[in-house]
Amino acid sequence: MATEQQQARRVADGAPLEKDFSRGMTGTYNFAPEAHSKKDTIYLSPNGYDTERLDPGMDSAHALRRIRTAGSVTMSPELFEKLYLTPEHKVKGDLRQTFGNPTPLALLGFLLSLSPLSCDLMGWRGAGGSGAASIGAYFFFGGLLMVLGGLGEWVIGNTFPFVVFSSFGAFWLTFGATLQPFYNASGAYATDPADLSTGLESVGFNASLGFYWLTIALMCFLYLILALRTNVVFVLIFLSLVILFTTLTGGYFYTASGDAALAHRLIVTAGASGFVTCACGWWIFFAIMLAALDFPFQLPVGDLSTLIKSGTQRREEREKAAAAAGSPV
């Protein structure tokens, strides 16, 4: 590791600085609000050493030159939120720089499960059967990939995506198990073996499963409120999911009560809502991958992380206002 005198001589000779980690620079993030409005600027980290912030518009060659001469790296709030689907927040360590981003993996599992299910619910090209043909995707794409993605989010300290991805991973595993004949979910409602051929067992089954969809709709409604601090695309995803599961609830309830025509219309509406969810999901998945690979163009996602100020920001503003007024907080 070069000494400070050697570094000074290298600068005088026009050579780039050697990256020096000997003074405790471990990839700390700069969260100063005033730093977020500037680009390509070196800011001082809390330990007094230089911290570099990378912005979405910075080209890869320029970014590499900056990284080579900076002790630690930060990214803009917009880029952070796009990559991790959560407002920028401070966590201990530098795990985000050590491990890959698990967010697109979980999104991919979700999309490869919901996309065919939406088409099945709408009955395209004669599809149907409540999506039973894609049961393998529910287990291995929706269940496995989303649980792995959720665990990855937990490791790097992203609580909201961790909870969202893990809960939906469990949802897909549960839905797949419900369709799996081995678990005999619908057959358990038949009091007489002859009922299996008449469809009488479906009354209790559909009514009971309707309450499950209603509970998932409630969960998505809570996620919708929480997503108001993320981005517009994520909000649209949860809004369309609320419509999907609410109409699916109605479809199963009316199927149980014998109104097949209304039930069919509600289920088709649920499929159309799921299709909107998938369109938004593929958009944000592509946006994340473009940002991760530093493409020269980016897709907007409508950052909302600064629209609703965090509790920490509000407390800091109150403290500053109180300090300026010379009164206690």
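Fair warning: this is a prediction, and the values are worked out from it, not measured in the lab.

Asker: Explain helix α6 (residues 135-155) to me, please; I cannot follow it from the model alone.
Answerer: Residues separated by three or four positions in an α-helix point in the same direction, a consequence of the helix having 3.6 residues per turn. In a regular helix each residue adds 1.5 Å, so 21 residues correspond to 30 Å; α6 covers 29 Å between its end C-alpha atoms and thus fits that length. Of the positions making up α6, those classed as buried are Ile-135, Ala-137, Tyr-138, Gly-142, Gly-143, Leu-145, Met-146, Gly-149, Gly-150, Gly-152 and Glu-153. The inward-facing, buried residues of α6 abut α5 (103-122) and α7 (159-179). Of the residues flanking the end of α6, it is Gly-157, one or two places downstream, whose phi is positive at about 85°.

Asker: For this particular structure, what's the right way to read the UniProt feature "transmembrane region" (unreviewed entry) in the chain?
Answerer: In this numbering, the UniProt entry assigns the feature "transmembrane region" (unreviewed entry) to residues 105-123, 135-155, 162-183, 203-226, 233-254 and 266-293. Along residues 162-183 one finds 82% helix and 0% strand; the C-alpha atoms at either end are 28 Å apart.

Asker: I'm lost on unusual backbone geometry in this one. Help?
Answerer: What is expected of a backbone is that most residues other than glycine have negative phi and most peptide bonds are trans. Notably, Arg-125 is not glycine yet its phi reads approximately 55°, a positive angle. Relative to the elements of secondary structure, Arg-125 occurs in the loop between α5 and α6. Phi is positive for Ser-130, which is not a glycine, with a value near 55°. Using a relative accessible area of 31% as the deciding quantity, one classes Ser-130 as partly exposed.

Asker: Would you take a moment to explain the packing of aromatic side chains for this structure?
Answerer: The way to describe two aromatic rings as a pair is by their centre distance and the angle between their planes. Enumeration over the complete set of coordinates arrives at 25 aromatic pairs. An angle of 40° between the planes, with centres 6.4 Å apart, marks the rings of Phe-168 and Tyr-223 as tilted. You can see Phe-168 sitting in helix α7 and its partner Tyr-223 sitting in helix α9 (residues 201-226), a full 55 residues away along the chain. Each member of the pair, Phe-168 as well as Tyr-223, carries the same accessibility label: buried. Between Phe-175 and Trp-213, the ring centres sit 5.4 Å apart and the planes meet at 65°, which makes this aromatic pair edge-to-face. In this pair, Phe-175 is assigned in helix α7 and Trp-213 in helix α9, connecting sequence segments 38 residues apart. Trp-213 shares its class with Phe-175; the two are buried.

Asker: Looking at this structure, how should I read helix α12 (residues 311-325)?
Answerer: With 15 residues, α12 should cover 21 Å at 1.5 Å per step; its first-to-last C-alpha distance of 21 Å lies within 8% of that length. Just downstream of α12 lies Gly-326, where phi reads positive at about 75°.

Asker: So what exactly am I meant to see when it comes to the confidence of the model for the chain here?
Answerer: Low pLDDT marks regions whose predicted coordinates should not be analysed in detail. Per-residue confidence for the chain gives a mean pLDDT of 76; residues scoring 70 or more make up 65%. Counting interchain partners and residues more than four positions distant, the pLDDT-below-50 stretch residues 67-74 has 32 contacts.

Asker: Mind showing me how you'd approach the environment of Gly-128 here?
Answerer: Topologically, Gly-128 is positioned in the loop between α5 and α6. In the structure, Gly-128 is positioned eleven residues away from Leu-117 in sequence and 8.9 Å away in space, judged by C-alpha atoms.

Asker: Explain the packing of α5 against α6 to me, please; I cannot follow it from the model alone.
Answerer: Two measures define how a pair of helices packs: the angle their axes make with one another and the distance between the axes. Their axes nearest at 7 Å, the elements α5 and α6 cross at an angle of 155°. Accordingly, the angle class assigned to the pair α5 and α6 is roughly antiparallel. α5 and α6 meet at a crossing whose hand is left-handed. Two secondary-structure elements touch here, α5 through Thr-103, Leu-105, Ala-106, Gly-109, Phe-110, Leu-112, Ser-113 and Leu-117 and α6 through Ala-137, Tyr-138, Phe-141, Gly-142, Leu-145, Met-146, Leu-148, Gly-149 and Glu-153. Grouping the amino acids of the contact of α5 with α6 by side-chain chemistry returns eleven nonpolar, five polar and one charged.

Asker: Explain the state of the cysteines here, please?
Answerer: Put plainly, a disulfide is one covalent bond tying together the sulfur atoms of two cysteines. Summed over the entire model, instances satisfying the criterion amount to zero disulfides. Free of any disulfide, Cys-280 has its nearest cysteine sulfur in Cys-278, 9.3 Å distant.

Asker: What's the story with the packing of α7 against helix α10 (residues 232-257) in this structure? I'm lost.
Answerer: Across the interface, α7 lies against α10 with an axial gap of 15 Å and an inter-helix angle of 30°. When the axis of α7 is compared with that of α10, the two are roughly parallel. Crossing handedness for the pair α7 and α10: left-handed. Residues Phe-160, Val-164, Phe-168 and Phe-171 of α7 form the contact with α10, whose participating residues are Phe-234, Phe-238, Leu-241 and Phe-245.

Reading the values: the criteria
Residues numbered from 1 in each chain as written. Predicted model: local features only at pLDDT ≥ 70, side-chain atom pairs only at ≥ 80, totals over all residues. Heavy atoms only, no water. Helix = DSSP H or I, 4+ residues; strand = E, 2+ residues; numbered from the N terminus. Expected span 1.5 Å × (residues − 1). Buried < 20%, exposed > 50% of the residue type's maximum accessible area, 1.4 Å probe, protein only. Contact = heavy atoms within 4.5 Å. UniProt positions renumbered as here; feature names shortened; annotations may be inferred. Phe/Tyr/Trp six-rings, centres within 6.5 Å; stacked < 30°, edge-to-face > 60°. pLDDT = per-residue confidence, 0-100. Axes fitted to C-alpha atoms, helices over the stretch in contact; angles between N-to-C directions. Parallel < 35°, antiparallel > 145°, perpendicular 65-115°, else oblique. Left-handed = near helix turned anticlockwise from the far one by under 90°. Nonpolar A, V, L, I, M, F, W, Y, C, P; charged D, E, K, R; others polar. Disulfide = S-S within 2.5 Å.

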